[in-house]
Amino acid sequence: MPTPKKGARFGGSPAHQKLILSNLATALFENGRITTTEAKARHLRPVAEKLITKAKKGDLHNRREVLKTIRDKSVVHTLFTEIAEQFAERPGGYTRITKIGPRKGDNAPMAVIELVNEAYEPKAKAAPAAAAPVAAPAEEKAEEAPVEETAADENTEAAAEEAPAAETTEDEAKA
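Report on the accompanying structure.

Each value, and the rule that gives it
- Residues numbered from 1 in each chain as written.
- Predicted model: local features only at pLDDT ≥ 70, side-chain atom pairs only at ≥ 80, totals over all residues.
- Heavy atoms only, no water.
- Helix = DSSP H or I, 4+ residues; strand = E, 2+ residues; numbered from the N terminus.
- Areas by Shrake-Rupley, 256 points an atom, 1.4 Å probe, with all protein chains shown as cover.
- Pairing = 2+ DSSP bridges.
- Axes fitted to C-alpha atoms, helices over the stretch in contact; angles between N-to-C directions.
- Buried < 20%, exposed > 50% of the residue type's maximum accessible area, 1.4 Å probe, protein only.
- Salt bridge = Lys/Arg side-chain N within 4 Å of Asp/Glu carboxyl O.
- Parallel < 35°, antiparallel > 145°, perpendicular 65-115°, else oblique.
- Left-handed = near helix turned anticlockwise from the far one by under 90°.
- Contact = heavy atoms within 4.5 Å.
- Phe/Tyr/Trp six-rings, centres within 6.5 Å; stacked < 30°, edge-to-face > 60°.
- Lys NZ or Arg CZ within 6 Å of the ring centre and 35° of its normal.

### A word on the overall build of the protein
A count of helical and extended segments in the protein gives five helices and three strands. Carbon and sulfur atoms provide 55% of the accessible area of the protein, an area that totals close to 12400 Å².

### Re the sheet that holds strand 1 (residues 33-37)
One open sheet accounts for three strands, arranged 1-3-2; its pairing is antiparallel. The two strands at the open ends of the sheet, each matched to only one other strand, are strand 1 and strand 2 (95-102). Put simply, the sheet's adjacent strands are angled 25 degrees from each other on average, direction ignored. Taken together, the seven bridges between strand 2 and strand 3 (residues 109-115) define a ladder with antiparallel strand orientation. What sits directly across from Thr98, in strand 3, is Val112.

### Focus on the pairing of strand 3
Here strand 3 lies mainly inside the structure; six of its seven residues are buried. Pairing between strand 1 and strand 3: five bridges, direction antiparallel. Along strand 3, the bridge assignment pairs Thr36 with Ala111. What sits between strand 2 and strand 3 in their antiparallel hairpin is a turn of six residues, with Asn107 showing a positive phi close to 65 degrees.

### Focus on the pattern of salt bridges
Where charged atoms from two side chains of opposite charge come close, those side chains can pair. Scanning the model with the defined rule gives seven salt bridges in all. Of the charged contacts, one joins Glu114 and Arg33 as a salt bridge, the two residues approaching to 2.3 Å between their closest N and O atoms. With Glu114 in strand 3 and Arg33 in strand 1, this pair connects stretches of sequence that are 81 residues apart. Glu114 gets classed as buried once you look at its relative accessible area, which sits at 9%. Sharing partners across several salt bridges, the network here consists of Arg33, Arg96, Glu114 and Glu118.

### Observations regarding the packing of helix 2 (residues 38-57) against helix 3 (residues 60-69)
Contact geometry for helix 2 and helix 3: axes closest at 8 Å, N-to-C directions at 150 degrees. Taken together, the axes of helix 2 and helix 3 are roughly antiparallel relative to one another. For the element pair helix 2 and helix 3, the recorded crossing hand is left-handed. Mapping the contact onto sequence places Leu51, Lys54 and Lys57 in helix 2 and Asn62, Glu65, Val66 and Thr69 in helix 3.

### Structural notes on the packing of aromatic side chains
Following the criterion strictly, the structure yields one aromatic pair and no others. Here Phe87 and Tyr94 contribute two aromatic rings whose centre-to-centre distance is 5.1 Å and whose plane-to-plane angle is 50 degrees, an arrangement assigned as tilted. Residues Phe87 and Tyr94 agree in their burial class; the two are buried. In this structure, Arg63 is placed above the aromatic ring of Phe80, and the distance from its NZ or CZ to the ring centre is 4.3 Å.

Right under this line is the structure:
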């Protein structure tokens, strides 16, 4: 027997909660954004993300799996044709939850859940790209190092010549 979900359910029964999430997902894909309570938005996010991932695969099996949740065929069609193409390059994170103020009637915390519209730009791998520029200045420093060493050697020799003279003046001052 499956372990029941902990905490309160929306609407009372598991079947009613499933229907609520199904209707919220349908409205989200139909309109692009919906306003609901924070708790419902948090429960809707993984459901919507999994449906979009199935739509990105685009085969008949996944279409039928999505139709189990979303009963409206026109919404499923838009999900598979428009929304899946929009998120084709994005590896995840298709939705965004933004908290808005409390609801006027019962002071329930409200949120807007929406589909992300920004174009996805993959980040370049930082480790290999950062290693190459660091190596180039190191090579330049290696080329400059002999020049600096000769200058340092000259300064050391000059300091060594001045040091005995300074010692003799100190000795003379003590005597």
